[in-house]
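The residues making up each chain are set out below.
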Amino acid sequence: MAASGEPGRQWQEEVAAAAVVVVGSCMTDLVSLTSRLPKTGETIHGHKFFIGFGGKGANQCVQAARLGAKTSMVCKVGKDSFGNDYIENLKQNDISTGQNIIVIVAGANLLLNTEDLREAASAISRAKVMICQLEVTPAASLEALRIAHSSGVKTLFNPAPAIADLDPQFYTLSDVFCCNESEAEILTSLEVSSPSDAGKAALVLMERGCQVVIITLGAEGCVMMSQKEPVPKHIPTENVKAVDTTGAGDSFVGALAFYLAYYPNLSLEEMLKRSNFIAAVSVQAIGTQSSYPYKKDLPLDLF
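This structure is a prediction, so every number in the text was calculated from the model and none was measured.

### Comments concerning the nonpolar core
Okay, so step 1: Within the largest apolar cluster, 44 residues are counted, with the highest numbers of intra-cluster contacts made by Ile131, Leu156, Ile214, Phe252, Leu256 and Leu272.
Okay, so step 2: Looking at this core element by element, the count peaks at 9 residues for helix α9 (residues 248–262).
Okay, so step 3: If sequence neighbours within four positions are ignored, leucine 156 has contacts with Val129, Met130, Ile131, Cys132, Val176, Cys178, Val253, Leu256, Ala257 and Leu260.
Okay, so step 4: Counting 42 residues, the second largest nonpolar core, distinct from the first, contains Ala140, Phe177, Val213 and Met225.

### What about the packing of aromatic side chains?
Okay, so step 1: According to the stated counting rule, one finds 8 aromatic pairs in the structure shown.
Okay, so step 2: On the basis of an interplanar angle of 25 degrees and a centroid distance of 5.3 Å, the ring pair of phenylalanine 258 and tyrosine 262 is categorised as stacked. Here phenylalanine 258 and its partner tyrosine 262 are both found in helix α9, 4 residues apart, which amounts to about one turn of the helix.
Okay, so step 3: By relative accessible area, phenylalanine 258 is classed as buried at 2%.

### Quick word on the confidence of the model for the chain
In low-pLDDT regions, the fine details of the predicted coordinates are not to be read closely.
Okay, so step 1: In the predicted model, the chain carries a mean pLDDT of 88, and the fraction of residues at 70 or more is 91%.
Okay, so step 2: Within the model, pLDDT remains below 50 along residues 1–15, and this stretch shows 82 contacts once partners closer than five positions in the same chain are excluded.
Okay, so step 3: Every residue in residues 99–106 is under pLDDT 50, and counting partners more than four places away or in other chains gives 24 contacts.

### Quick notes on the environment of leucine 145
Okay, so step 1: When you line up the elements, leucine 145 lands in helix α5 (residues 138–150).
Okay, so step 2: In sequence terms leucine 145 and threonine 43 are 102 residues apart; their C-alpha atoms lie 45 Å from each other.
Okay, so step 3: In this structure leucine 145 touches Met130, Cys132, Thr155, Phe157, Phe170, Leu173 and Ser174, once residues within four positions along its chain are discounted.

### A word on helix α10 (residues 268–282)
Okay, so step 1: Across its 15 residues, α10 extends 21 Å between first and last C-alpha, which sits within 8% of the 21 Å expected from 1.5 Å per residue.
Okay, so step 2: Among the residues of α10, Met271, Leu272, Arg274, Ser275, Asn276, Ile278, Ala279, Ala280 and Ser282 are the ones counted as buried.
Okay, so step 3: Looking at the buried residues of α10, the elements they touch are α1 (56–66), β11 (212–216), β12 (222–226), β13 (233–235) and α9.

### Quick notes on a nonpolar patch on the surface
Okay, so step 1: A cluster of nonpolar residues, Leu30, Phe49 and Ile51, forms a patch on the protein surface that exposes about 310 Å² of accessible area.
Okay, so step 2: Checked against the element boundaries, leucine 30 lands in strand β3 (residues 27–33).

### Considerations on the packing of α1 against α9
Okay, so step 1: Across the interface, α1 lies against α9 with an axial gap of 7 Å and an inter-helix angle of 50 degrees. Taken as axis vectors, α1 and α9 run oblique relative to one another. Of the two elements, α1 crosses α9, and the hand of that crossing is right-handed. Contacts from Lys56, Asn59, Gln60, Gln63 and Ala64 of α1 reach α9 at Asp250, Ser251, Val253, Gly254, Ala255 and Phe258.
Okay, so step 2: Class assignment of the residues belonging to the contact of α1 with α9 gives a composition of 4 nonpolar, 5 polar and 2 charged.

### A look at the packing of α9 against α10
Okay, so step 1: One way to put it is that α9 packs onto α10 with a least axis distance of 8 Å and a crossing angle of 140 degrees. For the element pair α9 / α10, the angle class is oblique. As α9 packs across α10, the resulting crossing turns out to be right-handed. When α9 is examined against α10, the residues Ala248, Ser251, Phe252, Ala255, Leu256, Tyr259 and Leu260 are found in contact with a partner set consisting of Leu268, Met271, Leu272, Arg274, Ser275, Asn276, Ile278, Ala279 and Ser282.
Okay, so step 2: Its residues placed into classes, the contact of α9 with α10 shows 11 nonpolar, 4 polar and 1 charged.

### Digging into α5
Okay, so step 1: Look at α5: 18 Å from first C-alpha to last across 13 residues, which is about the 18 Å you get at 1.5 Å a residue.
Okay, so step 2: For α5, the set of buried residues is Ala140, Ser141, Leu142, Glu143, Ala144, Leu145, Ile147 and Ala148.
Okay, so step 3: The inward-facing, buried residues of α5 abut β2 (20–23), α3 (114–119), α4 (121–125), β8 (129–132), β9 (154–157) and α6 (169–172).
Okay, so step 4: Positive backbone phi, approximately 75 degrees, marks glycine 152, located one or two places after α5.

### So, the environment of serine 32
Okay, so step 1: Note that serine 32 resides in strand β3.
Okay, so step 2: Once the C-alpha coordinates of serine 32 and aspartate 94 are considered, the two residues, 62 residues apart in sequence, prove to be 28 Å apart.
Okay, so step 3: Excluding its chain neighbours within four sequence positions, the residues that come into contact with serine 32 are Lys48 and Phe49.

Rules of the game
- Residues numbered from 1 in each chain as written.
- Predicted model: local features only at pLDDT ≥ 70, side-chain atom pairs only at ≥ 80, totals over all residues.
- Heavy atoms only, no water.
- Core = buried A, V, L, I, M, F, W, Y, C linked by side-chain atoms within 4.5 Å.
- Buried < 20%, exposed > 50% of the residue type's maximum accessible area, 1.4 Å probe, protein only.
- Helix = DSSP H or I, 4+ residues; strand = E, 2+ residues; numbered from the N terminus.
- Contact = heavy atoms within 4.5 Å.
- Phe/Tyr/Trp six-rings, centres within 6.5 Å; stacked < 30°, edge-to-face > 60°.
- pLDDT = per-residue confidence, 0-100.
- Expected span 1.5 Å × (residues − 1).
- Patch = residues over 30% accessible without salt bridge, like charges linked within 9 Å, V, L, I, M, F, W, Y side chains within 5 Å.
- Areas by Shrake-Rupley, 256 points an atom, 1.4 Å probe, with all protein chains shown as cover.
- Salt bridge = Lys/Arg side-chain N within 4 Å of Asp/Glu carboxyl O.
- Axes fitted to C-alpha atoms, helices over the stretch in contact; angles between N-to-C directions.
- Parallel < 35°, antiparallel > 145°, perpendicular 65-115°, else oblique.
- Left-handed = near helix turned anticlockwise from the far one by under 90°.
- Nonpolar A, V, L, I, M, F, W, Y, C, P; charged D, E, K, R; others polar.

This is how it looks when you write it as structure tokens:
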């Protein structure tokens, strides 16, 4: 994956209110398909190459948008061909692109800062759900959580890539704390290789102040725990033939944000079952965002 290295262009949503606001990253994925991984020092032939759109923040935003959510992103892209193509990709997915402001320093994703977040505070404070991750600086994500939390906006935090010494405020400011098994291991120092293990890790995270903890387990679904229901519950998923699991976790998070924003009266367990289903659909096609299903292609009983 590549984040643009040319001088960055700030990109944030317009005044129009969105139900789901995502603060996070946009990446351009450069993908080569091979029959196997090369050994050290070896060169092998790939049988296919393609460029796709990724980045955890954008992935989650795109999946929510494809399910019908009105979405906006707060992010930075490079002032280069990758950045231009990414803005067009967001427009094609009906995600608000807003106005562009030129800045003359490099490193697009990591240039998103707390001042930018304060400028986007109006958009964040009027959302129903705000998602953030750790592919931008922790300071930027933490500021986004503070703004959303102080405005009564439901916060969904995906601590990826995980940081072992995560600031304690991330736990207390997250209404929903959602990580996968490897991230849970880094955060808790516990091995997580089964739903039972995930339950133990979830308990540790709950003790740090989380209201709801969800640990995703790939083909095994996910485990949930909350302050209201402090007993781990395993939510299995359907068995499918996976073609490409890249971005499945982001599909799950984007779907969960959609349900939190548009179907708040559903039980959390039901939201997770539906999010599991949508993520399982995504792994049956090659690519990241290109594999994410649209509402029109999904069973009616999901909506």
